[in-house]
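Inside the fold
Now for the letters of each chain:
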Amino acid sequence: MSSHIYTSLLTSQNQKQKKLAVLIDPDKFGSVDFIAQAEKAGADYFFIGGSIVSKGDFNKCVNTVKEHSKLPVIIFPGHVDQVSPVADGILFLSLISGRNPENLIGKHVLAAPILKKTNLEILPTGYMLIDGGKVTAATYMSNTVPIPHDKNDIAACTALAGEMLGLKLVYMDTGSGANKHVSLSMIQEVRKNISIPIIVGGGIRKAEDAYEICKAGADVIVIGTVAEESPGLIEQIARSVHYNQATQPAK
């Protein structure tokens, strides 16, 4: 299995280049025009997945995005059946913020032999649900309690344990449609304690927020709801994510 995606993430992290992933929920995916719009606006990756896919066709969604974009397509699975060999990689999520054994290792045992038959790049990821002010689908479906929004020490120790276990990424998420994003102070505390790349998603709706989250220590920003509701904001957020030390956030 290749390691192109992870190698590029490490290179970007070392060069302080931030990345933007646009999350596509197969249940909400509509026009193929959105794919070209997101790519033109400056997205670096497409993440595909959802806590539950009831109306959409997961495999068709992955195939469509691959057909209409050259960007890496990475599966962000909500269930073991969300696997497509057509994608480029998959976040092999272990929900380290919760205490549900099925999401720590149980579902991985079921998925492993399936993934072994594909050429997907496996990206072992410590997934951390953070309280974003409302119960999200991810929290409900995982049957876990998110880390409190102000408990920076718990988040930092959890992320550190994940890195020590050999996980290659940490994904801090308040969930789709959350009222607020992960706090800047929590991201800073996690960044001080781990060296692996940090992904942050959930509740990010403004370019200024994306800029500050990157400045706090995130390496990859994930937007979903705002991209679905206001595709025109993708370019503004992308500009803020792709900042360097001499630039100011896009307004």
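Look up: the structure comes first, before these words.
Summary of the structure given here. The shown structure was predicted, so the numbers you read here are calculated from the model rather than taken from an experiment.

Further remarks concern helix α10 (residues 233-241). Turning to α10, its buried residues number three or more, namely I234, I237, A238, S240 and V241. Along α10, the residues classed as buried sweep out an arc of 165° about the axis, all on the same side. Next to the buried residues of α10 lie β1 (19-24), α2 (33-41), α8 (207-216), β8 (220-223) and α9 (225-229).

This part takes up unusual backbone geometry. Most of the time, phi is negative for any residue but glycine, and the peptide bond is trans. The phi angle at K16 is positive, at roughly 60°, despite the residue not being glycine. In this structure, K16 sits in the loop between α1 (4-14) and β1. For K16, a relative accessible area of 57% corresponds to the exposed category.

One simple way to see leftover space: roll a probe sized like a water molecule over the atoms. Tallying each qualifying case throughout the model produces 1 cavity of 30 Å³ or more. The computed volume of the largest cavity comes to approximately 50 Å³. In terms of lining, the largest cavity is formed by I5, L9, Y45, F47, I74, L91, L123, L169, I199 and V220. By residue class, the composition of the lining of the largest cavity is 10 nonpolar, no polar and no charged.

Next up on the list: the pattern of salt bridges. Scanning all chains against the criterion turns up 4 salt bridges. K28 is paired through a salt bridge with E228; the nearest N and O atoms lie 3.7 Å apart. Of this pair, K28 sits in the loop between β1 and α2 while E228 sits in helix α9, placing them 200 residues apart in sequence. A salt bridge links K66 to D88; the shortest N-O distance between them is 3.1 Å. On the criterion of sequence distance, the pair formed by K66 in helix α3 (residues 58-68) and D88 in the loop between β3 (73-75) and β4 (89-95) is long-range, its members being 22 residues apart. On the basis of relative accessibility, which here comes to 26%, the residue K66 falls in the partly exposed class. By relative accessible area, D88 is classed as partly exposed at 26%.

Criteria and thresholds
- Counting restarts for each chain: residues are numbered from 1 in the order of the written sequence.
- Given that this is a predicted model, residues contribute local features only at a pLDDT of at least 70 and side-chain atom pairs are listed and counted only at 80 or more, while totals for whole chains, interfaces and linings are drawn from all residues.
- Each side-chain value is derived from all of the structure's non-hydrogen atoms; neither hydrogens nor water enter the calculation.
- Whether a residue is buried, partly exposed or exposed follows from its accessible area with a 1.4 Å probe, protein chains only, as a fraction of its type maximum: under 20%, in between, or over 50%, in that order.
- Secondary structure elements are taken from DSSP: a helix is a run of H or I of four residues or more, a strand is a run of E of two residues or more, and numbering for both begins at the N terminus.
- Picture the helix axis, draw a direction to every C-beta atom, and the arc is the one those directions span.
- Contacts: residue pairs with any heavy atoms within 4.5 Å of one another.
- Within this scheme a cavity is a closed region of a 1 Å grid, computed over the protein atoms alone, that accommodates a 1.4 Å probe without allowing it to escape, whereas a pocket is open but has protein on both sides within 12 Å along at least five of seven lines; lining residues each have an atom within 4 Å of a point.
- Grid points are joined across faces, edges and corners, and a volume is the space filled by probe spheres set on the points.
- Three residue categories are used. Nonpolar comprises Ala, Val, Leu, Ile, Met, Phe, Trp, Tyr, Cys and Pro, charged comprises Asp, Glu, Lys and Arg, and polar comprises the others, including Gly.
- The working definition used for a salt bridge is a side-chain nitrogen of Lys or Arg within 4 Å of a carboxyl oxygen of Asp or Glu.

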